[in-house]
Amino acid sequence: MNTVDAKACPIIANHIKVALVGQPNVGKSMLINSVSNAHLHVGNFSGVTVDKTEVLFDYKDYHFTVVDLPGTYAFTDYTIEERVTHEYLCAEDYDIIINVVDSTNLEKNLQLTSELLTMSKKVVIALNMSDEATKEGININAEYMAELIGVPCIKVSAATKEGIAELIEAVMLKHETPKNKPKLVFSESVEEEIAQLVWYLDKHKFKSTNSYRNIAINLLKGNKKTYAKLHDEPIWVELQPILIEASKHIELHHDSDDIKESFAEEYASFNRGIAAEVLKQKKQEEKKTLTEKIDSVLIHPLFGIPIFLFFMWLLFQLTFEIGNIPMDYIDMFFTWFGNTIGATIANDDIRSLIVDGVIAGVGAVVLFVPNIIILFIGIALLEGTGYMSRVAFLLDGFFHKFGLHGQSFIPLVTGFGCSIPAYMSARILKNDRDRLLTLFIIGFMSCGARLPVYVLFAGAFFAPDMAGNILFGIYVSGALLGLVAAKVLKITAFKGKDEPFVMEMPKYRLPTFKLIWHTVLTKTMMYLKKAGTFIAGASMLIWFLSNYPHNSELIKSYETKIETTQDKALKVRLGHQLSEAELEQSYLGTIGKFSEPLFTPLGFDWKMSVALQAGLAAKEVVVSTLGVLYALGSDVDQESSSLMGAISKNIPFPSAVAFIVVIMIYLPCLAASIVFTREAGHIKYFFYLFAFTSVAAYVMAFIAYNVTLLLV
Amino acid sequence: MKTLLDCHKACKVKILKLNTSGDLKQRLISFGIMKGAEVEVLEHAPAKSTIEIKVGKMRIALRGEEAKLIDVEKI
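Criteria and thresholds
Residues numbered from 1 in each chain as written. Chains lettered and ligands numbered in written order. Predicted model: local features only at pLDDT ≥ 70, side-chain atom pairs only at ≥ 80, totals over all residues. Helix = DSSP H or I, 4+ residues; strand = E, 2+ residues; numbered from the N terminus. Buried ≥ 20, exposed ≤ 12 C-beta atoms within 10 Å, placed from the backbone. Contact = placed C-beta atoms within 7 Å. Axes fitted to C-alpha atoms, helices over the stretch in contact; angles between N-to-C directions. Parallel < 35°, antiparallel > 145°, perpendicular 65-115°, else oblique. Nonpolar A, V, L, I, M, F, W, Y, C, P; charged D, E, K, R; others polar. Pairing = 2+ DSSP bridges.

S.K.: Before we go on, may I ask you to explain the overall build of chain A in this structure?
M.R.: Looking only at helices and strands, one finds 34 helices and nine strands in chain A. Residues classed as buried in chain A amount to 46% of the 712 residues present. Long-range pairs, those at least 24 residues apart, make up 74% of the contacts in chain A between residues at least 6 apart in sequence.

Below you can see the structure in the form of structure tokens.
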């Protein structure tokens, strides 16, 4: 051991940078969460982590930096996320690799492991999900495995935290010991060719950080980077014919014309050998696993899709039914809170700012937290159980007709929660065209922030027992519109060949209560944080714009009118007229009036127009703006003091329908637009998206408005 | 020649050849769908648009069009 040498340089010695690598869905992010106190997003499908994430923690004398990399089946650079991993492993600076392996599927996982072993990096293998393996009667001899492949193998379980300390100790020990050569043995014919190339490199004393053996393997595999490196070397002239000859021999031996396929077979037989040596599995009868039993129902050719639709219907039914129970209490709380706070403020303007601006605006958004929580629980279950991939399987045929990829389903469903992670998760799509197409229609999947607007309007115009169905209807029609939009885009803007669909179907898992709780809590806190900061700020701005400039002449003329009249009812009515008139001549009123002609064909008054324009910043602002606008002016009487009441009283039904249609289609929010632009790769796509969604929203709303007018 | 698409549900077959090249071939191989691998057909989506197969312990969904490119023999 050369620990003495290492300690001579304390800053570097005490810092270990670990790259966490593994196939998709083996629990890498969950392992990090168990090791540190991070709360990385965890789900049960391939493609949860799409970008590298760094997590820092301390253990004993060491500072650890763990880089969570997207899962990759092999070094094939098939999708963007896989490219992220491959590029990081090849080009970045790190000390050690932890290769996370699913113990219940060892042979398959070793495929990546054997490729990692040719990288000349220090590797530690984490045999994850060992608790699950034990349950399935699988026993891996970790010590023997470590001996066979020459790297430490530690049994761990991210779920039960078993073996985590041993894993970290093994990483520290490996870090302190010098690099040794992993043992990866190929078939005799390949070994012969490798030996030949190694001999040649050795003869010419070729200078390289990588071992000759690894260089030889990479050359034979056709690794582009290795080729590029050697291509400019003088020995290339002599090396090339040897290499061609060697490749021919291997291809001949494997009866194939594809050297990559030959090597895949080599790796596979090595992995098969290792698995056969170290794996002991209790002989199980040829009975169906639980996953297969569940699958025979959930992906049934006939019932699969109806079952999925039922689940979705149930989710929105629950979202409305249960979500509405605490709504009255929250509403009452904010009214009480506003009055109590208001009573302590002497200054009229400040009181109005706080009560009618901030509290009314934020209150209107917080009102919908229960609905949001239920929606998030539904999405967390969908992601955590493994059902998501099944739906992708069921819908691929249908999606394909509209020019979409079955795997587009994953970003699209994520879009029901929030468009931002949805845009990111579109990276699981290989083809840029498919990805762009999916990016364009993610907005059609109504995000959680739009839910408040829908709940508000559904509650305002429909009986409570119908509102859940209406909610479901809005989401489904949004999704269907999205499909139509996809088809339109596919035959116009994104023409081209279809990409293949090959996707892993993970085992069903029951996500732990803790996991669901964390996911939902994190998302809900983000919603609340937004309500407390961004929405509060926007509400203040809206309040200011709707209160200024003051027109003292207008106020005076009304005040004299109010004073002169004796009729109490008239006094109240005049008071309302005054606030209405004040609102109309405010800055916001001016903006609204200015843009009103544009929205008149859709049946919107200026308040709705303003709310929609404010909604470009974030959809919650639509609700808070309506909250401020209707709290300030207008003839809201005692019975309909709530916003819902004000809306059903002030907005005609056809206009409301058109309003919902616009909300469904137009741009999600400012933050999502920024992420969209980044993921799409060019600012021009943002302008395309803006134009596309605006025109579509306008046309569809116009149709919806006129059809409803005819029907009602 | 029989292809994976022709197989019935619960049918067990051995892969003879992948009639494809480039990215798709690499992708299939990285999922363990390669010459000599044993495969079981688990489920068909309506109209065989998508099929679910089992390779080793892994369940994989692929499109009918891709399944058509895989030559198999019954075992």
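S.K.: How do you make sense of the packing of helix α9 (residues 188–203) of chain A against helix α12 (residues 236–254) of chain A when you look at a structure like this?
M.R.: The axes of two packed helices give the description: the angle between them and the distance between them. Residues and elements named next belong to chain A. At a minimum axis distance of 9 Å, the contact between α9 and α12 shows a crossing angle of 175 degrees. One way to sum up the angle between α9 and α12 is to call them roughly antiparallel. Contacts between α9 and α12 involve Ser189, Val190, Glu193, Gln196, Leu197 and Tyr200 from the former and Leu239, Ile242, Ala246, His249, Ile250 and His253 from the latter.

S.K.: Sorry, what's going on with the environment of Ala426 of chain A here?
M.R.: All names here are of chain A. Looking at the secondary structure, you find Ala426 in the loop between α21 (419–425) and α22 (432–442). When the 28 C-beta atoms within 10 Å are taken as the criterion, Ala426 is described as buried. For the pair Ala426 and Gly384, spaced 42 residues apart in sequence, the C-alpha separation works out to 18 Å. Not counting residues up to four positions away in its chain, the partners in contact with Ala426 are Pro411, Arg435, Thr438, Leu439 and Glu679.

S.K.: For this particular structure, what's the right way to read the interface of chain B and chain A?
M.R.: Many structure descriptions define interface size as the accessible area lost when the parts assemble. With 29 residues of chain B at the interface, the matching set in chain A holds 29 residues. Of all the secondary structure elements, the ones that give two or more residues to the side of chain B that touches chain A are α1 (22–30), β2 (38–44), β3 (50–55) and β4 (58–63) of chain B. With seven residues, α1 of chain B is the largest single contributor of residues to the side of chain B that touches chain A. Residue classes in the side of chain B that touches chain A are distributed as 13 nonpolar, seven polar and nine charged. Alignment of strand β9 (residues 502–505) of chain A against β4 of chain B, held across four bridges, turns out to be antiparallel. From the neighbouring strand, Glu504 of chain A faces β4 of chain B, where its bridge partner is Ile60 of chain B.

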